[in-house]
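Examining the three-dimensional arrangement
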Amino acid sequence: MASNSDEYHLGTSTDEIERLGYQHQVWLDEAVDLWRKAGFTHGQQLLDLGCGPGFATSDLAHLVGSTGKVHAIDNSEHFLQSVNQRCQSQGVAHVTTHLSDVHQLPLLDGSLDGVFVRWLLCFVADPEKVIAEACRVLKPGKPIVIMDYFNYHAVQVFPARESIQALFKAYHTSAIKNGGSYDIGAKLPTLLQAQGFDVTVTKPICRIARPGDRLWHWVEMFNKNYVPKLVEQDLMTPETRQALEQDWREVSNISTALFFPPPMLGIVAYKQS
Ligand SMILES: C[S@@+](CC[C@H](N)C(=O)[O-])C[C@H]1O[C@@H](n2cnc3c(N)ncnc32)[C@H](O)[C@@H]1O
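Let me begin by describing the structure that accompanies this report. (Residues numbered from 1 in each chain as written. Predicted model: local features only at pLDDT ≥ 70, side-chain atom pairs only at ≥ 80, totals over all residues. Heavy atoms only, no water.)

This part takes up the overall build of the chain. Per the secondary structure count, the chain includes nine helices and nine strands. Taken over C-alpha atoms, the radius of gyration comes to 19 Å for the chain, in line with the 19 Å a tight globule of 273 residues would show. Summarising its shape, the C-alpha atoms of the chain cover approximately 50 × 40 × 35 Å along the three principal directions. Residue burial in the chain is summarised as follows: out of 273 residues, 53% are buried. (Helix = DSSP H or I, 4+ residues; strand = E, 2+ residues; numbered from the N terminus. Rg over C-alpha atoms; globule rule 2.2 N^0.38 Å. Buried < 20%, exposed > 50% of the residue type's maximum accessible area, 1.4 Å probe, protein only.)

Attention shifts here to the pairing of strand β1 (residues 45-49). Burial within β1 is extensive, with four of its five residues counted as buried. Strand direction decides the pairing type here: β1 and strand β2 (residues 69-74), joined by five bridges, are parallel. What sits directly across from Leu46, in β2, is Val70. Handedness of the β-α-β unit built from β1, helix α3 (residues 55-64) and β2 comes out right-handed. Summarising the sheet, β1 and strand β4 (residues 114-118) pair through four bridges and their orientation is parallel. Looking at the pairing, Asp48 lines up with Phe116 of β4. (Pairing = 2+ DSSP bridges. Right-handed = clockwise from strand over helix to strand, strands pointing away.)

Across all of its chains, the model carries ten salt bridges by this definition. Note that Glu30 is salt-bridged to Arg207, the shortest N-O span being 3.2 Å. Placement of Glu30 in helix α2 (residues 28-37) and of Arg207 in the loop between β7 (197-205) and α8 (214-232) is noted, with a sequence separation of 177 residues between them. For Arg207, a relative accessible area of 22% puts it in the partly exposed group. (Salt bridge = Lys/Arg side-chain N within 4 Å of Asp/Glu carboxyl O.)

Once that is clear, we can look at the sheet that holds β4. Spatial ordering of the open sheet is given by β3-β2-β1-β4-β5-β9-β7, a layout of seven strands whose pairing is mixed. Bordering the open sheet on either side are β3 (95-99) and β7, each of which pairs with just one other strand. Sheet twist, expressed as the average angle between the axes of neighbouring strands with direction ignored, equals 15 degrees. Pairing analysis gives eight bridges linking β7 to strand β9 (residues 264-271), with the strands arranged antiparallel. Paired with Pro204 across the two strands is Leu265, which belongs to β9. (Axes fitted to C-alpha atoms, helices over the stretch in contact; angles between N-to-C directions.)

Residues in close proximity to the ligand total 16 residues, the closest being Gly50, Gly52, Asp74, Val102 and Arg118. Within the backbone of Gly50, a nitrogen or oxygen atom sits 2.7 Å from a nitrogen atom of the ligand. Here an oxygen atom of the ligand sits 2.7 Å away from a polar atom, N or O, in the side chain of Arg118. Its residues assigned to classes, the shell around the ligand shows eight nonpolar, five polar and three charged. (Near = heavy atom within 4 Å. Polar contact = N/O pair within 3.5 Å; in protein donor to acceptor, adjacent residues only side chain to side chain. Nonpolar A, V, L, I, M, F, W, Y, C, P; charged D, E, K, R; others polar.)

Next comes the structure, spelled out in structure tokens:
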């Protein structure tokens, strides 16, 4: 059953802020490519929707420059403090943070040149409503850029380990239990079209991790923060956790091992004029 809590289920601790910062670095090229495809540029008014601690927010602020503006929206006060601190330390004054639920945005109709939404729609109760709100605040003809998970069952490790497959199955269940879905990407083109967008880019984002590389470490950081929550939610027993840790250590010591992380979908869609 879906949880009614709006709280981000990986939490908002300092460890999670550090993980999101690392994650931003690991997946930055893919985001920048989508920003380029959508024509994000100087002087624009952009929105980072579900911005978290705002690692993308500050990069977008540098992209639009001081003649532009970036709005950053999240329902975590702690994350927004982190956005404000980072912007202040970088001398960025054209970011405005809003503590708000993403299902109802505190912004005017038709006021923005672009919206960026990454790793949010997989967590929300009503992605259709969030997309409708993004559509409302965009100027006609302007883009939304989305990066999110789809086809989560594609995760594989070679050589195969049952405990690692079981882990990703538990993550998938956990997202659903908390009201979201790590397969959301597949539904997004249909939802976007229904809300008045023309979808122009659907780009698969698939990579392979090898022991010791930064993508491998990204998976390790994810596991470090998320596995204890699976145990708390009774989605993993302490015994399976132990087996998992041993299997992960073993596979990490095989130099030819490969890990296929959850695929993502990059989308650019334009609000119909
Ligand atoms: C995985 S983080 C992604 C953060 C950021 N978009 C990024 O790319 O690093 C998900 C974010 O969505 C926020 N979030 C989830 N549900 C929300 C809601 N209903 N309203 C506002 N923010 C929400 C969480 O607080 C969290 O900061």
